[in-house]
Amino acid sequence: MLTHNVAAPSSIRPILSYDCHCHCQVSNQLLFPLSPNLNHGTWRANRKLKGCRLKASFWESIRSGILKNNTTQIIEPPSMLEEEEEPLPEEFVLVEKSQLDGEVEQIIFSSGGDVDIYELQALCDKVGWPRRPLSKLAAALKNSYMVATLHSVRKLPSSEGDEQKKLIGMARATSDHAFNATIWDVLVDPSYQGQGLGKAMVEKLIRTLLQRDIGNITLFADSQVVEFYRNLGFEPDPEGIKGMFWYPSY
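Note that the structure is predicted; figures quoted are calculated from it, not measured. (Residues numbered from 1 in each chain as written. Predicted model: local features only at pLDDT ≥ 70, side-chain atom pairs only at ≥ 80, totals over all residues. Heavy atoms only, no water.)

### Focus: the pattern of salt bridges
- In total, this model carries 10 salt bridges according to the counting rule given.
- Here Arg-154 makes a salt bridge to Glu-105, at a shortest N to O gap of 3.6 Å. Highlighted residues: Arg-154 in strand 8 (residues 146-155) and Glu-105 in strand 6 (residues 104-110), separated in sequence by 49 residues.
- What makes Arg-154 partly exposed here is its relative accessible area of 26%.
- For Glu-105, a relative accessible area of 3% corresponds to the buried category.
- Of the charged contacts, one joins Asp-185 and Arg-132 as a salt bridge, the two residues approaching to 3.6 Å between their closest N and O atoms. Here Arg-132 lies in the loop between helix 2 (117-126) and helix 3 (134-142) and Asp-185 lies in strand 10 (residues 180-188), a separation of 53 residues in the sequence.
- For Asp-185, a relative accessible area of 4% puts it in the buried group.
- A single salt-bridge network, built from bridges that share partners, covers Glu-103, Glu-105 and Arg-154. (Salt bridge = Lys/Arg side-chain N within 4 Å of Asp/Glu carboxyl O. Helix = DSSP H or I, 4+ residues; strand = E, 2+ residues; numbered from the N terminus. Buried < 20%, exposed > 50% of the residue type's maximum accessible area, 1.4 Å probe, protein only.)

### Looking at the environment of Leu-167
- As for its placement among the helices and strands, Leu-167 is situated in strand 9 (residues 163-175).
- Leu-167 sits in the buried class, given a relative accessible area of 6%.
- Excluding residues that lie within four positions of it along the chain, Leu-167 makes contacts with Glu-119, Leu-120, Leu-123, Thr-149, Leu-150 and His-151. (Contact = heavy atoms within 4.5 Å.)

Right, here's the structure in full:
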């Protein structure tokens, strides 16, 4: 089991967890905050923001909810709890490239933008993932705690206001909104892999979760990408923890 805690799509994979004391930096190329686009027929990711406090270990989030040494735990009434604020969507230019013909391509990271499920399905096809029903893809996005995306936007100097935009990467996280989060469906268009884009996307996702006071972050990883996540601070089987899976007996 790896701990930051992160998860990947379908089939059984080693569980990875993230140690909050590991060095976690988001790429210095995260520049130029932008306004989010809102398009008809797309899903909007928007979740709650909390303050930042790192957890010491995988089990601390569980232990913190258990009474110790017979001491009394004081719980504030719901009316006294601090109200959570709706976070503003984030959008940044991650990379900008200029071609000889004057075309400019921007790679844009968004943690609160739009996800077109048809584009997402096409991206899953490109990386060779099994097809999933569109209705379930939409439900997975809707019920995620956070969704991060990468879009390529191409502009030509001669075409004022005309641009080509396509989805090239995505990752999402589910959470109990308090202690734990699991990262799923980390994917990058094969033609954009090897450029550090997946690393930057996952690091930004982790950083945002930590800022929301969620310190136990897990994921599932195929065996061939375990080293990728290990380099991001994830650790297999921290404290001897094992991931377990239930299967029907029939």
